[in-house]
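Chains, contacts and geometry: an overview
Chain by chain, the residues:
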Amino acid sequence: LKTNLLKLTLMEWFVGLGLATVSIGLTIFTAVLVKCFEATHDLPTNLVIIRGVLQILLFAVAVAQGDQFILPPTRREKLLVIARGFFTGFVFITNIAALRFLPLGDVFTIFTTRSVFCILIPVLAVCSSKRFGNPIDANKLCLVLVASLGLYLFLSSKFEEVELTGDLMSPDSSAGSGDVVLPVPKLAFLLEKPQSYNTVQIGIGMAFLNLVLSMPIVCLEKMIEGTSASIQSFWSGVGGFLIGVVVSFFDSTTSIFSGYYSAYEFYMMLVISICFIMIAVLQSQAIKLISSPALNIILLVQIPVAYFVCPNEAEVMPDFYTMMGMLFILSSSMVGDWILHLEEKLGAQELSTNPYLEI
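Residues numbered from 1 in each chain as written. Predicted model: local features only at pLDDT ≥ 70, side-chain atom pairs only at ≥ 80, totals over all residues. Heavy atoms only, no water.

Looking at the overall build of the protein
Across its full length, the protein holds twelve helices and zero strands. When the helices and strands of the protein are placed in sequence order, the string is α-α-α-α-α-α-α-α-α-α-α-α. In the protein, buried positions account for 42% of the 359 residues. (Helix = DSSP H or I, 4+ residues; strand = E, 2+ residues; numbered from the N terminus. Buried < 20%, exposed > 50% of the residue type's maximum accessible area, 1.4 Å probe, protein only.)

Put into structure tokens, the structure is as follows:
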């Protein structure tokens, strides 16, 4: 019996590893498509509309085949499910904007701090209510400080690289500079063009807005755990579709309803939207087979792959502060994922052993 259980566990782990690997490749492929296509198209608004329509059609069938109604029974759960749908629409728009304005590897590096943000909000809440006698977890506070230091080193070096890249790309730049310029890898799929200072600022702002908006989604998901994933995904599509329609009124010339795009361009937006849905489905299935810390560690592979596949046209050798910043960010994110995983397991054990729990 133990041998069969071990074989089943190993099989589940390998299946989860395979799903995570496929999601990494699909994420890189989708992000490259976004970068190639977003330069001349208004993707965030149009993609959130197409993605919303696809989610409504796909998960409406799943909801119809399930045993739950399309809306939860109580008014409170209805509001929470609908609010989560609108938040996911905003998060999707900021995700596309961050991919557009930042190098692909930088976007993935910043997004790894999602677990640190999940820890930061409770720490700030405890600090604000310190007068009520709530203790402050020194370990979590140190983790947040390490991640903050890493982000400071990493982002400050990026702004310096923007200025340095502008000097290297200028026609009167001297060839005898002390900075080492890396050759373009032979297998590079897309060359990132040097971005301006303001563009990098917008991209960083969109990335951090994405992380901040993800916090309400995590809280809402815990409050509606009894609602099926199909219902949540259906209302995520509804929320994203409505947000895209409202935003499209402010830029009607490039809206999907204006006839601005050809059949090929519409097909590309459809492919990108389907890829984003597939990525979410693959990762949600993988996390059922392997733990969330293991999944997040596997997903870290996409950072070096992104830097290799999509290098800058004039990429300079990363300095000491950039490498130390990435080290602090990645290490703190892995520790944060493990802390959140342990807290979730501890909460589940306390709930299962509660003698006052109604059966």
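Some points on the environment of Ile82
Along the chain, Ile82 turns up in helix 3 (residues 75-101). For Ile82 and Trp235, which are 153 residues apart along the polypeptide, the C-alpha to C-alpha distance reads 6.0 Å. Once residues lying within four places of it in the same chain are set aside, the contact partners of Ile82 are Leu71 and Trp235. (Contact = heavy atoms within 4.5 Å.)

Re a nonpolar patch on the surface
A grouping of Val246, Val247, Phe249 and Phe250 is seen on the molecular surface, where their side chains present a nonpolar patch of about 470 Å² in accessible area. Note on placement: Phe250 falls in the loop between helix 8 (229-248) and helix 9 (263-289). Taking relative accessible area as the criterion, Phe250 reaches 74% and is therefore assigned exposed. (Patch = residues over 30% accessible without salt bridge, like charges linked within 9 Å, V, L, I, M, F, W, Y side chains within 5 Å. Areas by Shrake-Rupley, 256 points an atom, 1.4 Å probe, with all protein chains shown as cover. Salt bridge = Lys/Arg side-chain N within 4 Å of Asp/Glu carboxyl O.)

Regarding the packing of helix 3 against helix 4 (residues 104-111)
Between helix 3 and helix 4, whose axes approach to 7 Å, the crossing angle comes to 135°. Between helix 3 and helix 4, the interaxial angle falls into the category oblique. As for the relative orientation of helix 3 and helix 4, their crossing is right-handed in sense. Residues Asn95, Ala98 and Leu99 of helix 3 lie in contact with helix 4, whose contacting residues are Leu104, Val107 and Phe111. (Axes fitted to C-alpha atoms, helices over the stretch in contact; angles between N-to-C directions. Parallel < 35°, antiparallel > 145°, perpendicular 65-115°, else oblique. Left-handed = near helix turned anticlockwise from the far one by under 90°.)

Observations regarding empty space enclosed by the protein
Scanning the model with the defined rule gives two cavities of 30 Å³ or more in all. The space that makes up the second largest cavity amounts to roughly 30 Å³. Considering the residues around the second largest cavity, the lining is formed by Leu102, Asp106, Ile110, Phe154, Leu155, Lys158, Val200 and Ile204. Those elements that place two or more of their residues in the lining of the second largest cavity are helix 4, helix 6 (138-169) and helix 7 (197-223). Considering each element in turn, the lining of the second largest cavity owes the most residues, three residues, to helix 6. The residue inventory of the lining of the second largest cavity, partitioned by class, reads six nonpolar, no polar and two charged. (1 Å grid on protein atoms, 1.4 Å probe; cavity = no way out; pocket = protein on both sides within 12 Å on 5 of 7 lines; lining within 4 Å. Points joined across faces, edges and corners; volume = space filled by probe spheres on them. Nonpolar A, V, L, I, M, F, W, Y, C, P; charged D, E, K, R; others polar.)

Some details on the confidence of the model for the protein
In low-pLDDT regions, the fine details of the predicted coordinates are not to be read closely. In the predicted model, the protein carries a mean pLDDT of 76, and 72% of its residues have values of at least 70. Taken element by element, the predicted model of the protein shows its lowest mean pLDDT in helix 5 (residues 114-128) (70) and its highest in helix 4 (88). A low-confidence stretch, residues 168-187 (pLDDT under 50), is modelled with 21 contacts involving residues beyond four sequence positions or located in other chains. Within the model, the stretch residues 354-359 combines pLDDT values under 50 with one contact to residues more than four positions away or in other chains. (pLDDT = per-residue confidence, 0-100.)

With respect to the packing of aromatic side chains
Counted by the stated rule, this structure contains four aromatic pairs. For the pair Trp13 and Phe14, a centre-to-centre distance of 5.9 Å together with 85° between the ring planes defines the contact as edge-to-face. Judged by its relative accessible area of 51%, Phe14 is exposed. Judged by centre distance (6.1 Å) and plane angle (45°), the rings of Phe117 and Phe208 are tilted. Highlighted residues: Phe117 in helix 5 and Phe208 in helix 7, separated in sequence by 91 residues. The exposure class of Phe208 is partly exposed, given its relative accessible area of 21%. Between the NZ or CZ atom of Arg114 and the centre of the ring of Phe111, over which it lies, the distance is 5.3 Å. (Phe/Tyr/Trp six-rings, centres within 6.5 Å; stacked < 30°, edge-to-face > 60°. Lys NZ or Arg CZ within 6 Å of the ring centre and 35° of its normal.)

Let's talk about helix 11 (residues 302-309)
In an α-helix there are 3.6 residues to a turn, and that puts residues three or four apart on one side. The set of residues buried in helix 11 consists of Gln302, Ile303, Ala306 and Val309. In a view along the axis of helix 11, the buried residues occupy a sector of 140°, so they form one face of it. (Arc of directions from axis to C-beta.)

Structural notes on the pattern of salt bridges
It is possible for side chains of opposite charge to pair when their charged atoms get near one another. For the structure on display, the rule yields one salt bridge. For Arg84, the salt bridge identified is with Glu221, shortest N-O distance 3.0 Å. Of this pair, Arg84 sits in helix 3 while Glu221 sits in helix 7, and the two are 137 residues apart along the sequence. Judged by relative accessible area, which is 10%, Arg84 ranks as buried.

Comments concerning the environment of Thr109
Within the element layout of this structure, Thr109 appears in helix 4. Taking relative accessible area as the criterion, Thr109 reaches 0% and is therefore assigned buried. Separated by 194 residues in sequence, Thr109 and Ile303 have C-alpha atoms that sit 6.5 Å apart. Residue contacts for Thr109: discarding those within four places in its chain leaves Phe154, Ile303, Tyr307, Met326 and Ile329.

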